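# Architecture and fold: a report
Spelled out from the first residue to the last, the chains are:
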Number of protein chains: 2
Amino acid sequence: MVLNDLQKKYFMNEALYEAKKAAQIGEVPIGCIVVLNGEIIGRGHNLREHAQDATMHAEILAIQEANANRKSWRLPEAQLFVTLEPCPMCSGAILNSRIKEVYYGAKDPKAGAVDSLINLLGDSRFNHQATVENGILEEECAQLLKTFFKNIRLKRKK
Amino acid sequence: MVLNDLQKKYFMNEALYEAKKAAQIGEVPIGCIVVLNGEIIGRGHNLREHAQDATMHAEILAIQEANANRKSWRLPEAQLFVTLEPCPMCSGAILNSRIKEVYYGAKDPKAGAVDSLINLLGDSRFNHQATVENGILEEECAQLLKTFFKNIRLKRKK
């Protein structure tokens, strides 16, 4: 299913909704959804601190839910929306699940494995590639992270 | 804890034991353990087909168990043993969990993200690096995979 700009923003808003759930419980606010044929089939938000589990990134949780939903590890027609550029682990999970398209909000200059530091989703030596579009609701996605870290610094000062 | 050659082989044998569990249930035979202070704190074998979950690689499952065991997503003194060179997802999970040392058996020329296609664990632009030693019980690790795929081809011919 080809998405227009309004639909892309709609789905990124759903990823932002997930990110805000993370912020509410003190987790770094990153959210993700997986879409198939216009329907959300997986949702996730960062739970690393609550679960004390290094793998509990938003994308991993959303992909796992989408796999369970479809009863298949393969998601070849799926679209993934995430508020922050995926890290190597999550980019690898996108390759492993054969997701077709990735839309993300803000770039991650410190750990981004899609555009910033390496280009895992476009490397033709791997057995799958995903198309990528960045900058969807970029300001909102970045601002949520900035506000979160600003509040942490303020709390530390007190 | 610094490991001698005998200890490295001992722990890789434990990873091979995990890999054989995968083979027994028809999964591609890859196994992994996480070690801390000479003790195995996490085990995993590939469960992708049984779980129909693209993230259920041996390393992810072993890291998750080690995180649960230590009640911490950080494993800065841990050593990971895996029969096959980790893919991008699993290499990323190794970075995310701050594992110190990685020992693997056979190289993976198609998806290896440690030595074969990219060098994720040694890239100083990321916020963690792990030391790597390959070739531990390489023959046994590679042979297990070769036998598995040979048997699949034989079954298909019948």
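Every value quoted in this text rests on a predicted model; they were computed, and no experiment measured them.

### Some points on the pairing of strand β1 (residues 31-36) of chain B
Residue and element names in this part refer to chain B. Along β1, six of the six residues are buried, which leaves the element largely enclosed by surrounding structure. Residues G31, I33 and V35 of β1 are buried on one face, and the alternating residues C32, V34 and L36, pointing to the opposite face, are buried as well. Here β1 folds back onto strand β2 (residues 39-45) in antiparallel fashion, the turn holding two residues, of which N37 has a positive phi close to 50°. Two strands pair when backbone bridges link them, and β1 and strand β3 (residues 79-84) are joined in this way by four bridges, in the antiparallel orientation.

### A closer look at the UniProt feature "active site" (unreviewed entry) in chain A
All names here are of chain A. Under the local residue numbering, the UniProt record ascribes the feature "active site" (unreviewed entry) to E59. On the secondary structure map, E59 appears in helix α3 (residues 58-70). Excluding anything up to four places from it in sequence, E59 contacts C32, L80, V82, L84, P86, C87 and C90.

### Details of the relation of the copies chain A and chain B
Once turned by 180° and shifted 0.0 Å along the axis, chain A lies on chain B with an RMSD of 0.0 Å. The superposition of one copy onto the other is thereby described by a two-fold rotation axis. The rotation axis passes nearest to the C-alpha of M89(A) in chain A, at a distance of 2.0 Å. A shared interface surface links the copies, since 100% of the contact residues of chain A are contact residues in chain B too.

### Digging into the confidence of the model for chain A
Considering every residue of chain A, the mean pLDDT works out to 98; 100% of them sit at 70 or more. Overall fold confidence (pTM) sits at 0.98, and the ipTM for the predicted complex is 0.97.

### Let's talk about the layout of surface pockets
Looking at the largest pocket, its volume works out to about 1,100 Å³. If you trace the largest pocket, you find 31 residues lining it, with V28(A), I30(A), L84(A), D108(A) and F149(A) closest to the centre. Among the secondary structure elements, those contributing two or more residues to the lining of the largest pocket are α2 (48-51) and α5 (138-157) of chain A together with α4 (88-96) of chain B. The element best represented in the lining of the largest pocket is α5(A), accounting for six residues.

### Focus on the nonpolar core
Core analysis: the largest hydrophobic core is formed by 98 residues, its most contacted members being L80(A), F81(A), L80(B) and F81(B). Residues in contact with F81(A), not counting those within four places in the same chain, are L3(A), K8(A), F11(A), M12(A), A15(A), G31(A), C32(A), I33(A), V35(A) and Y103(A).

### Thoughts on α3(A)
If you check α3(A), its first and last C-alpha atoms are 18 Å apart, about what 13 residues at 1.5 Å a residue would give, namely 18 Å. What α3(A) keeps buried is the set A58(A), E59(A), I60(A), L61(A), A62(A), I63(A), Q64(A), A66(A) and N67(A). Those residues of α3(A) that are buried lie in contact with β1 (31-36), β2 (39-45), β3 (79-84) and α4 (88-96) of chain A together with α3 (58-70) of chain B. K71(A) occupies a position one or two residues after α3(A) and carries a positive phi of about 50°.

### As for the sheet that holds strand β4 (residues 101-106) of chain B
Residues and elements named next belong to chain B. With mixed pairing, five strands are arranged side by side in an open sheet as β2-β1-β3-β4-β5. Either end of the sheet is taken by a strand with one partner, and the two such strands are β2 and β5 (131-134). Going from strand to strand, the sheet's axes swing by 15° on average, the running direction of each strand aside. Bridge count for β1 against β2 is six bridges, and the pairing is antiparallel. When the sheet's bridge partners are listed, C32 is paired in β2 with G44.

### Comments concerning the sheet that holds strand β5 (residues 131-134) of chain A
All names here are of chain A. An order of β2-β1-β3-β4-β5 is seen for the five strands of this open sheet, with the pairing classed as mixed. Whereas interior strands pair on both sides, the edge strands pair on one side only; in this sheet they are β2 and β5. Across the sheet, the mean angle separating the axes of adjacent strands is 15° when strand polarity is ignored. On top of the sheet, α5 reaches β3 and β4 (101-106); it is set at about 55° to β4, its chief contact.

### Some points on the pattern of salt bridges
Per the counting criterion, the structure on display carries 16 salt bridges over all chains. Here E77(B) and K100(B) are joined by a salt bridge, their closest N and O atoms 3.4 Å apart. Pair noted here: E77(B) is in the loop between α3 and β3 and K100(B) is in the loop between α4 and β4, with a separation of 23 residues, a long-range link. A relative accessible area of 44% means that E77(B) is categorised as partly exposed. Salt bridges here are not isolated pairs; linked through shared partners, they connect E14(A), E18(A), K21(A) and R43(A).

The rules behind each value
Residues numbered from 1 in each chain as written. Chains lettered and ligands numbered in written order. Predicted model: local features only at pLDDT ≥ 70, side-chain atom pairs only at ≥ 80, totals over all residues. Heavy atoms only, no water. Buried < 20%, exposed > 50% of the residue type's maximum accessible area, 1.4 Å probe, protein only. Helix = DSSP H or I, 4+ residues; strand = E, 2+ residues; numbered from the N terminus. Pairing = 2+ DSSP bridges. UniProt positions renumbered as here; feature names shortened; annotations may be inferred. Contact = heavy atoms within 4.5 Å. Least-squares fit on C-alpha atoms with pLDDT ≥ 70 in both. pLDDT = per-residue confidence, 0-100. 1 Å grid on protein atoms, 1.4 Å probe; cavity = no way out; pocket = protein on both sides within 12 Å on 5 of 7 lines; lining within 4 Å. Points joined across faces, edges and corners; volume = space filled by probe spheres on them. Core = buried A, V, L, I, M, F, W, Y, C linked by side-chain atoms within 4.5 Å. Expected span 1.5 Å × (residues − 1). Axes fitted to C-alpha atoms, helices over the stretch in contact; angles between N-to-C directions. Salt bridge = Lys/Arg side-chain N within 4 Å of Asp/Glu carboxyl O.

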